[in-house]
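Letter by letter, the chains look like this.
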Amino acid sequence: MNLLDCITSSFSSLIQHKLRSFLTMLGMIIGVFAITTILAISKGGKELIISEFLTAGTNIVMAFNSQMETRTDKFAYLTEEQVMAMKETIPQVDDLSPIHFLQIFLKVKGSMKQITVFGVPENFFRVRGIKASSGRIFTKEEVSHYEKVCVVGKDLFYDLFGKTKKLEQEIKIEGTYFRVIGVMVHKLEFGPININAAIGIPSSCAMRLLGSRDIYAVQFLAKEGVPIPLLKKRIKDHLRQIFGGKDNFDVHSVDELLSMLDKVMGVISIVLGSIAGISILVGGIGIMNIMLVSVRERTREIGIRKACGATKGNILLQFLIESLALCSIGGGMGILASIALVLIISTVFKTAFFISGLAIILGFGFSCLVGIFFGVYPAYIAAKLNPVEALRYE
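**Q** So what's going on with the overall build of the chain? Residues and values would help.
**A** Along the backbone of the chain there are 13 helices and 10 strands. Taken over 394 residues, the chain has a buried fraction of 44%. When contacts within the chain are restricted to residue pairs at least 6 apart in sequence, those whose partners lie at least 24 apart make up 79%. Accessible area of the chain: about 20200 Å², with a carbon and sulfur share of 62%.

What follows is the structure, given as structure tokens:
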């Protein structure tokens with residue numbers, strides 16, 4: 001009985017019991033499907049997030065007032081002169097944008113809602129990678145000429161004006177009407193402002209409305225090649241010097257948020273992957289159980305094969321191949337199902353999810369290992385059967 005005979009006999013047995021074979025493979029199909037899909041979605045999601053961070057700029061550092069809520073510390077705000085001086089005294093800074101901050105109440109969908117208004121120079125949007133989905137961002141000339149124009153986050157614009165795409169609407173801010181010239185959109189929320197739910201106005205107008213030049217936050221752009229941790233340290237040291245050693249400003253960077261999200265996604269992938277792995281192990285136990293049942297059902301057949309000259313190795317190999325076939329076919333079906341689902345998700349949501357070669361190798365390889373591991377014991381039981389006793393079995 002050669003290897004080809006063992007393979008032919010194994011597959012013949014599986015084909016004779018099609019429904020039982022499929023139900024036995026089901027645990028393996030689900031487990032491999034789950035693992036490959038999780039790996040694909042986590043990898044695709046991670047790359048999507050990284051692309052959003054790259055759009056926002058990983059060389060951005062944000063310093064914002066940690067005592068904004070209390071407003072009790074006289075050192076809690078920066079002046080315009082102090083902020084502009086930081087560009088000269090910190091050589092790692094390529095550009096910066098002071099941010100003025102105020103809260104207003106607007107009637108949104110029938111009820112009054114607190115809205116964030118931030119006043120910035122025009123370079124804030126360019127550095128941050130914030131674009132207008134319709135209309136435009138205000139210009140340097142409009143900032144210097146105190147033009148009463150504003151840009152509205154896409155979510156807030158929809159809440160205020162419904163589905164209309166018409167601009168040139170007016171919003172009353174602290175008793176002054178501002179003309180809407182653009183709708184801004186930004187996929188990454190970083191810092192103290194949710195761009196998509198806020199209103200941006202020229203910094204010159206914000207200072208006039210506030211009656212003060214106090215600055216709530218500053219956005220820094222690092223020079224090319226400058227390590228972000230170094231820039232953060234220089235900014236913190238400079239702010240401590242201004243505030244007499246006090247840490248009144250928090251300093252954060254985009255890459256810091258990226259690192260945190262990467263860790264979170266890694267933990268989620270491990271947890272979900274572990275659950276899927278347990279599903280494969282349960283499927284393997286089911287396969288071992290069915291193989292033991294198969295050995296008992298085919299005891300007489302095993303006796304006949306041994307009587308005709310089949311060795312223990314032949315019987316062991318036959319049942320091991322059968323177990324391996326169940327797991328490998330189940331793993332292959334799980335991978336195909338996963339590929340189909342990922343393609344559907346990518347098409348529907350227009351995202352670049354894909355299953356890597358590594359995920360396919362891991363999924364298929366793990367299913368084969370499970371087949372071998374859980375097939376060894378039933379194959380051993382079959383191989384050690386006494387041919388005389390096996391022939392007497394009814």
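**Q** Talk me through the nonpolar core; I want residue IDs and the actual numbers.
**A** As a rule of thumb, nonpolar side chains are buried together in soluble globular proteins. Ranked by internal contacts, the top residues of the largest apolar core, which has 25 residues, are Met28, Ile315 and Phe319. In contact with Met28, other than residues within four places in its own chain, are Ile280, Gly283, Gly284, Ile287, Cys327, Gly330, Gly331, Ser367 and Val370.

**Q** Tell me about a nonpolar patch on the surface, residues and numbers included.
**A** Residues Ile7, Phe11, Ile15, Leu19, Phe22, Leu23, Leu26, Ile30, Ile329 and Met333 make up a contiguous nonpolar surface patch of about 850 Å² in total accessible area. Put simply, the parts of the chain that give the nonpolar patch at least two residues each are helix H1 (3–16), helix H2 (18–56) and helix H11 (312–349). Structurally, Met333 can be placed in helix H11. Residue Met333 is classed as partly exposed on the basis of its relative accessible area of 33%.

**Q** Got a sec to walk through the side chain of Gln219? Specific residues and values, please.
**A** Inspection of the secondary structure puts Gln219 in strand E9 (residues 217–222). Here Phe124 takes part through its backbone oxygen, which lies 3.4 Å from a polar atom of the side chain of Gln219. At 3.4 Å, the side chain of Gln219 and the side chain of Arg128 are in polar contact.

**Q** Describe the packing of aromatic side chains, and please don't skip the residues or the numbers.
**A** For the structure shown, the criterion picks out seven aromatic pairs. Residues Phe118 and Phe124 carry aromatic rings whose centres are separated by 5.6 Å and whose planes lie at 55 degrees to one another, so their mutual orientation is tilted. Pairing Phe243 with Phe249 gives two aromatic rings, centres 5.5 Å apart and planes at 20 degrees, and the pair type is stacked. Taking the relative accessible area as the measure of exposure, Phe243 reaches 3% and is therefore buried. Overall, Phe249 belongs to the buried group, its relative accessible area being 6%. Ring pairs connect the aromatic residues Phe118, Phe124, Phe125 and Phe138, which therefore count as one cluster. Above the ring of Tyr146, the side-chain terminus of Arg208 is found at 4.0 Å from the ring centroid.

Scoring rules and cut-offs
Residues numbered from 1 in each chain as written. Predicted model: local features only at pLDDT ≥ 70, side-chain atom pairs only at ≥ 80, totals over all residues. Heavy atoms only, no water. Helix = DSSP H or I, 4+ residues; strand = E, 2+ residues; numbered from the N terminus. Buried < 20%, exposed > 50% of the residue type's maximum accessible area, 1.4 Å probe, protein only. Contact = heavy atoms within 4.5 Å. Areas by Shrake-Rupley, 256 points an atom, 1.4 Å probe, with all protein chains shown as cover. Core = buried A, V, L, I, M, F, W, Y, C linked by side-chain atoms within 4.5 Å. Patch = residues over 30% accessible without salt bridge, like charges linked within 9 Å, V, L, I, M, F, W, Y side chains within 5 Å. Salt bridge = Lys/Arg side-chain N within 4 Å of Asp/Glu carboxyl O. Polar contact = N/O pair within 3.5 Å; in protein donor to acceptor, adjacent residues only side chain to side chain. Phe/Tyr/Trp six-rings, centres within 6.5 Å; stacked < 30°, edge-to-face > 60°. Lys NZ or Arg CZ within 6 Å of the ring centre and 35° of its normal.

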